[in-house]
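The chain contents come next:
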Amino acid sequence: MSEVNVPKRKGKCENCTKQCNKKQSEDGADSHLEKEEVNGQFPEESPLLLSSCLSCDGCLSEEESLKISQQNLEELERVLALNKKCDVSKRRVLVASVCPQSLPFFAVKFGVDITEAAHKLCGFLKSLGVHFVLDSTLAAGFSILESQKEFVQRFRRRNQDSTALPMFTSSCPGWIRYSERVLGSLVTPHICTARSPQQIMGCLVKDFFSKQQKLSPEKVFHVLVAPCFDKKLEAVREEFYNGLLESRDVDCVLTSGEIYHLMEQRKVSVEELDSVPLDHVLGEAGDAALLRHEGRGSEGFLEHVFKHAAKELFGLEVQEITYKSLRNRDFQEVTLERDGETLLQFAAVYGFRNIQTLVHRMRKGRVPYQLVEVLSCPGGCLSGRGQAESDGGGRVDKALVQQMEDAYSSLPVRLPELNPVLQTLYRDWLQGHDSTHTHTLLHTHYSSQTHTQPPHMQW
């Protein structure tokens, strides 16, 4: 197998200090961004990554640092080792959920298609001692459906509620952290309350799947395989911890690169791995086909919400969506028009620099969009630093990302509305689409935490 670089967390990256010192005042930041907008180019300076800005020691409490330090291979191996030593009654059942954006990474690294890569990955994880391996696309479907419903509600009350629009997507933990720690009340009321796919998968495993297996939640150790290091930050949020049961929805997040590194450490070759079908949340037999949602490498929230809103609000069927690139490929917009009137205008904004531009426009009252899909990684989730960095480290391997995009786009698309498993779970698990259970388990809230922000972070 080819090598993959697994970056280690540094004591302090210092990128934020170097860059933030250049933006000591809000006016300074605005004028800096205004210059970028006019010239259409960025000044030559070292790249500032959102994950670097908000994951260094300057922005993490000691408690957070301790929790995140447990999100690693050593923690997984510790649980596996304890299972071998302890009494059967004390063993934990390991469940691994795999993000759909991680599978293209393994497909490229293994030199096989995505379905075979999923089976090989499942075989490897089960050879370690993992009991169940699930595809988290199902959880993304829940998140999309809840986001669609919330957008329509926000749109209809836009004239009575000044914070209803624009609505910002909530699936990216880097963006959420930046919003809460730095932007505060300017942005947090606008963030969609639907939980991210990761945390919905956590609820699904700990609340529904554990009951199906006749297990208490604390007996389940839930591992999530993701393309992004920021997912570790999300897993340790307090609202996703059950104090009574002493159980987290997601116990440990490992990046695709970390899993691949473990395979290399153990000198496991792809050829010797068994191909094992993924397990199913409902326990049904058979090997269900892997499917994806709309979008060019993420979960496609913009496209799904856009099509749903066009039909629900204006009775228009949208088959194909045409993106218009503005600043670059990572800042695009989509417009719905009828008889020369603009009905909807959405934007996809990826990467820290484009996010800064968006925030600058919002402060100036110049955001024409009703919805913005925001992702902190340039290029979207497939370009997550947990799987897309070059072997030298620090830069995205563009050739690898292109191969992953090609592999991901080969999967057939299915609308979450047409997924019968989701409808079954709404009925049997959540007691209906608009029930208290649905609101409690599929939604959360975001609030300003700017009082914790270091003094040098004045964007």
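Residues numbered from 1 in each chain as written. Predicted model: local features only at pLDDT ≥ 70, side-chain atom pairs only at ≥ 80, totals over all residues. Heavy atoms only, no water.

- An unreviewed UniProt entry annotates the protein chain as Iron hydrogenase small subunit domain-containing protein of Pagothenia borchgrevinki.
- In the Sequence similarities (unreviewed entry) part of its UniProt record, the protein chain is described as follows: "Belongs to the NARF family." (UniProt positions renumbered as here; feature names shortened; annotations may be inferred.)

Quick look at the packing of aromatic side chains
Consideration 1: Inspection of the entire model under this criterion finds 14 aromatic pairs.
Consideration 2: Ring plane angle 75° and centroid distance 5.5 Å describe the contact between Phe 168 and Trp 175, whose orientation is recorded as edge-to-face. Accessibility assignment for this pair places Phe 168 and Trp 175 in one class, buried.
Consideration 3: Joined through ring pairs, the aromatic side chains of Phe 151, Phe 155, Phe 306, Phe 314 and Phe 346 make up one cluster.
Consideration 4: If you follow Lys 109 out to its NZ or CZ, it ends over the ring of Tyr 260, 5.8 Å from the centre.
Consideration 5: Positioned over the ring face of Phe 155 is Arg 158, at 4.0 Å from the centre of the ring. (Phe/Tyr/Trp six-rings, centres within 6.5 Å; stacked < 30°, edge-to-face > 60°. Buried < 20%, exposed > 50% of the residue type's maximum accessible area, 1.4 Å probe, protein only. Lys NZ or Arg CZ within 6 Å of the ring centre and 35° of its normal.)

Considering the sheet that holds strand S7 (residues 252–255)
Consideration 1: Read from one edge of the open sheet, four strands run S2-S1-S4-S7, paired in parallel fashion. Sheet topology places strand S2 (132–135) and S7 at the edges, where each strand pairs with a single neighbour. Recorded for the sheet is a direction-independent mean angle of 25° between the axes of neighbouring strands.
Consideration 2: In this sheet, strand S4 (residues 220–226) lies alongside strand S1 (residues 93–98) in parallel orientation, the contact comprising six bridges. Across the sheet, the residue bridging to Val 95 is His 222, located in S4.
Consideration 3: Here helix H10 (residues 197–212) sits on the sheet and contacts S1, S2, S4 and S7; the angle it forms with S4, its principal contact strand, is near 155°. (Pairing = 2+ DSSP bridges. Helix = DSSP H or I, 4+ residues; strand = E, 2+ residues; numbered from the N terminus. Axes fitted to C-alpha atoms, helices over the stretch in contact; angles between N-to-C directions. Contact = heavy atoms within 4.5 Å.)

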